[in-house]
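Reading the structure
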Amino acid sequence: MSSDVRLVLCGDEGVGKSSLITAFVKETFVPNIQSVLPPITIPPEFLSSENSFSMTIVDTSSRIQERQTLNREIRRASVILLVYSDHYTSERIPLFWLPYFRSLGVNVPVVLCSNKNDLISESNPAEALADEMVPIMEEFKEVESCIRCSAKEHYNVNQAFYLCQKAVLHPIAPLFDSKEQNLKAPAIAALQRIFFLSDKDQDGLLNDKEMNAFQIKCFNKPLDPFDLIEIKSMINKTESGGATEDGISVGGFVALNKIFALKGRHESTWGILRAFHYTDSLSLNDKFLHPRFDIPQYSSVELSPVGYRFLVDLFLLFDKDNDGGLNSTELNNLFAPTPGLPLSWTNAQFPLTTLCNEEGYVTLQGWLAQWSMTTFHDHKTMLAYLAYLGFESEKSGSTVDALKITKPRRRRNARPKFGAVDRNVFSCYLLGAPHSGKSALLDRFLNRPFYPLYMPTIKPRIAVNSVEMQGGKQCYMILEELGELEPAVLENTAKLDQCDVICYTYDSSNPDSFQYIVDLRERNPLLNRLPSVFVALKADLDKQQQRSDLQPDIYTRELGLPAPLHVSASWVSSVSELFVQLAEAAQFPSTATPLLETEEKETPVSSIILASSAVAVIAAVVVWIWRGSKD
């Protein structure tokens, strides 16, 4: 919304446009004024509105010689006050003025103003105004409202300009279809989402406590009990059963806002919508969905304790049957205020990516792990879904409080120094020859049974779960099997920067399996910069001598790494040990990063330089002491 409302007065000559402006500004009628007034800007403090905006009032002339100026001002208008004063000028509204606005391509709200009410002799002017204007408002949807006023008697002058403010700040057109006499579908969808988020106990009703909290959030004041009784009474007159002693239903809530629109009180509906970050187009504000969140290089993003607490509460709220898992119905209900499951979840075939119970329902552990992975890979999507799901921070009101940024990791240009990485979520790539057992490892990571039937992995597979390390610390590990994308990923520096540890797998029962790893590392020298763990899978089968220049134990020894860990998917303890070792390698990269030849060669030189420097310093100190004693 613009911080400046530009109000343009249009109409035929002599209808009193300039008199209305002076009566509004000076609060009295001024008889002799110039025909066209210069633009007047009224600062926010002089406007009776809760919004901090200024209003520029522009007078115009309808004379032919001023047509270019008129066109320019109409195109710049935020709202138009179209003034008429008699039968002739009122007929010109549908015949000339409104079609003329459309011909200029202008789509702004129009308020009709019948001026010089002091000259009208009808016994019921309100009824006469309705007879005049209702057909016009039905034909021209841009007409927001109409009003009778008199600049001479200062009758309804302030109200006319207020209607113009209201037409900009609280437009009726996006909310209400005057022809159908009903709320429009986007408005109903937005209100249903707001109801859903306000129904904290998810029982389908807004009880008195929830209504009071809703009132405070939207209008910054509590709801008077007598007002609540009146609201329920209004709802039940139009929506049978929409309000009971237990609370207001979603149908009753929508019906209440329809009543607001019918009574011209749609600013109340806009107050509700804007409290929940909706724009004039009834979409969520982009700054609310995607707040600024700068991440330093070599840092990652994780959920903060507040974020995890929100997700835990969400899970428990929607696990209606208390079976410890979210079934498809419960998941659909949970994601009702969102566009649906995140695209990355759908592409990865969620819930196959995380921990589920025997019925295939996502457990709380799997739920938290899935969101941890989403935050790690795509924090923008995470922020958007926090907004969709109704996360509210008591600290700042922003969704960024649900996330935290880890300390930057050291650049991988040499073996890292000793120390732990300040992270709780790690990414691991599974690399190895086809048929080496990578897919079985992924299945066991999610506690799924071992299937001996081999199926080659074409599309990438991903799994995430928590790992408990020695000492009881828990972290989340993301395992990825790259499939056909393996060459492209290993050549992508940005992708490798996101990886915390590489798990090299080979089939210990296949003599040709290990050579694949040797060739892979030679083709991709950047892998030497990453912490690595070597795994001999299918350890329950007969071990075979590998057809390679170096056997796996010698190869890893020359890299300065532990010997390969022997693992079988049917040995639960060995699998668990592997995942702990991967997590520790990611957290303590100095213990698992290969020792490079360049480092080995540079080490003696560095030692000589350091030794020479130490000798020089000692000699200088001896000379200084000797000179001091001599003096």
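Residues numbered from 1 in each chain as written. Predicted model: local features only at pLDDT ≥ 70, side-chain atom pairs only at ≥ 80, totals over all residues. Heavy atoms only, no water.

1. Section: the overall build of the chain
Per the secondary structure count, the chain includes 23 helices and 18 strands. For the chain, the proportion of its 631 residues judged to be buried stands at 49%. Here the contacts in the chain between residues at least 6 apart in sequence split such that 70% fall between residues at least 24 apart. Accessible surface for the chain amounts to roughly 32,100 Å². Of this, 54% is attributable to carbon and sulfur atoms. (Helix = DSSP H or I, 4+ residues; strand = E, 2+ residues; numbered from the N terminus. Buried < 20%, exposed > 50% of the residue type's maximum accessible area, 1.4 Å probe, protein only. Contact = heavy atoms within 4.5 Å. Areas by Shrake-Rupley, 256 points an atom, 1.4 Å probe, with all protein chains shown as cover.)

2. Section: the packing of aromatic side chains
This structure, assessed with the given rule, holds 27 aromatic pairs. Measuring from ring centre to ring centre gives 4.2 Å for F24 and F161, while their planes differ by 10 degrees; the resulting arrangement is stacked. On the criterion of sequence distance, the pair formed by F24 in helix α1 (residues 17-26) and F161 in helix α5 (residues 157-169) is long-range, its members being 137 residues apart. By relative accessible area, F24 is classed as buried at 14%. Given the relative accessible area of 0%, F161 is considered buried. With 4.6 Å between their ring centres and 45 degrees between their planes, W345 and F350 make a pair best called tilted. A relative accessible area of 1% means that W345 is categorised as buried. According to the relative accessible area criterion, F350 is buried, its value standing at 11%. The ring of F96 has R92 lying over it, and the distance from NZ or CZ to the ring centre is 4.5 Å. For K217, the ring lying beneath its charged end belongs to F276, and the centroid distance is 4.8 Å. (Phe/Tyr/Trp six-rings, centres within 6.5 Å; stacked < 30°, edge-to-face > 60°. Lys NZ or Arg CZ within 6 Å of the ring centre and 35° of its normal.)

3. Quick notes on the sheet that holds strand β2 (residues 40-42)
Here six strands make up an open sheet; going across it, the order is β2-β3-β1-β4-β5-β6 and the pairing mixed. Each end of this open sheet is capped by a strand with a single partner; those strands are β2 and β6 (143-148). Looking at each pair of strands side by side, their axes are set apart by 20 degrees on average, direction ignored. Bridge count for strand β1 (residues 4-11) against strand β4 (residues 79-84) is five bridges, and the pairing is parallel. Within β4, the residue paired with C10 across the bridge is L82. Lying over the sheet, helix α2 (residues 67-76) contacts β1, β3 (54-58) and β4, oriented at roughly 140 degrees with respect to β1. (Pairing = 2+ DSSP bridges. Axes fitted to C-alpha atoms, helices over the stretch in contact; angles between N-to-C directions.)

4. Topic: the nonpolar core
F253, L273, W367 and W371 are the most contacted members of the largest nonpolar core, which has 78 residues in total. When residues no more than four places from it in sequence are discounted, the contact partners of L273 are L175, A190, L191, I194, Y278 and L282. (Core = buried A, V, L, I, M, F, W, Y, C linked by side-chain atoms within 4.5 Å.)

5. Looking at the pairing of strand β17 (residues 532-537)
Burial within β17 is extensive, with six of its six residues counted as buried. Here β17 shows two buried faces, one formed by S532, F534 and A536 and the other by V533, V535 and L537. Relative to β17, strand β16 (residues 501-507) runs parallel, the two sharing six bridges. For Y504, the partnering residue across the bridge sits in β17 and is F534. In this fold, the crossover linking β16 to β17 by way of helix α20 (residues 514-523) has right-handed handedness. Here two bridges tie β17 to strand β18 (residues 565-566), and the two strands are oriented parallel to one another. Within β18, the residue paired with A536 across the bridge is H566. Taking the sense of rotation as the criterion, the β-α-β connection linking β17, helix α21 (residues 552-558) and β18 turns out right-handed. (Right-handed = clockwise from strand over helix to strand, strands pointing away.)

6. Comments concerning the environment of I57
Of note, I57 is situated in strand β3. For the pair I57 and F161, spaced 104 residues apart in the sequence, the C-alpha separation amounts to 9.6 Å.

7. Structural notes on the pattern of salt bridges
Per the stated rule, a full pass over the model turns up 13 salt bridges. D294 serves as the salt-bridge partner of R292, at 3.0 Å between the closest nitrogen and oxygen. Of the charged contacts, one joins D507 and K538 as a salt bridge, the two residues approaching to 3.4 Å between their closest N and O atoms. Residue D507 is located in strand β16, and its partner K538 is located in the loop between β17 and α21; the two are separated by 31 residues in the primary sequence. Overall, the relative accessible area of 7% leaves D507 in the buried class. (Salt bridge = Lys/Arg side-chain N within 4 Å of Asp/Glu carboxyl O.)

8. Focus: the confidence of the model for the chain
The predicted coordinates should not be examined in detail at positions where pLDDT is low. Overall, the prediction assigns the chain a mean pLDDT of 88, with 90% of residues at 70 or greater. Of the regions scoring below 50 in pLDDT, residues 597-611 engages in five contacts with residues more than four places distant in sequence or in other chains. (pLDDT = per-residue confidence, 0-100.)

9. Section: the sheet that holds strand β15 (residues 474-481)
Spatial ordering of the open sheet is given by β14-β15-β13-β16-β17-β18, a layout of six strands whose pairing is mixed. Edge positions in the sheet fall to β14 (461-468) and β18, since each has one partner strand and no second. Sheet contacts for α20: β13 (425-432), β16 and β17; angle to β16, the most-contacted strand, approximately 145 degrees.

10. Regarding the environment of N71
Following the sequence through the fold, N71 ends up in helix α2. Separated by 35 residues in the primary sequence, N71 and V106 place their C-alpha atoms 9.9 Å from one another. Residues in contact with N71, not counting those within four places in the same chain, are Y100 and L104.

11. As for the packing of helix α6 (residues 185-198) against helix α9 (residues 250-262)
At a minimum axis distance of 10 Å, the contact between α6 and α9 shows a crossing angle of 130 degrees. Classified by the interaxial angle, the pair formed by α6 and α9 is oblique. Crossing of α6 against α9: the hand is right-handed. Contacts between α6 and α9 involve I188, L191, Q192, I194 and F195 from the former and V250, F253, V254 and N257 from the latter. When its residues are assigned to classes, the contact of α6 with α9 shows seven nonpolar, two polar and no charged. (Parallel < 35°, antiparallel > 145°, perpendicular 65-115°, else oblique. Left-handed = near helix turned anticlockwise from the far one by under 90°. Nonpolar A, V, L, I, M, F, W, Y, C, P; charged D, E, K, R; others polar.)

12. Quick notes on the side chain of T363
Here T363 is to be found in strand β11 (residues 362-363). Only 3.1 Å separates the side chain of T363 from the backbone nitrogen of G366, close enough to count as a polar contact. (Polar contact = N/O pair within 3.5 Å; in protein donor to acceptor, adjacent residues only side chain to side chain.)

13. Details of the side chain of D319
For D319, the location among the structural elements is in the loop between α12 (305-318) and β10 (325-326). Notably, D319 is buried but unbridged: the nearest opposite-charge side chain belongs to K320, and the N-O separation is 9.6 Å. Residues contacting D319, with those up to four places away along its chain left out, are G324, G325, L326 and E330. (Lys, Arg positive; Asp, Glu negative; His and termini not counted.)

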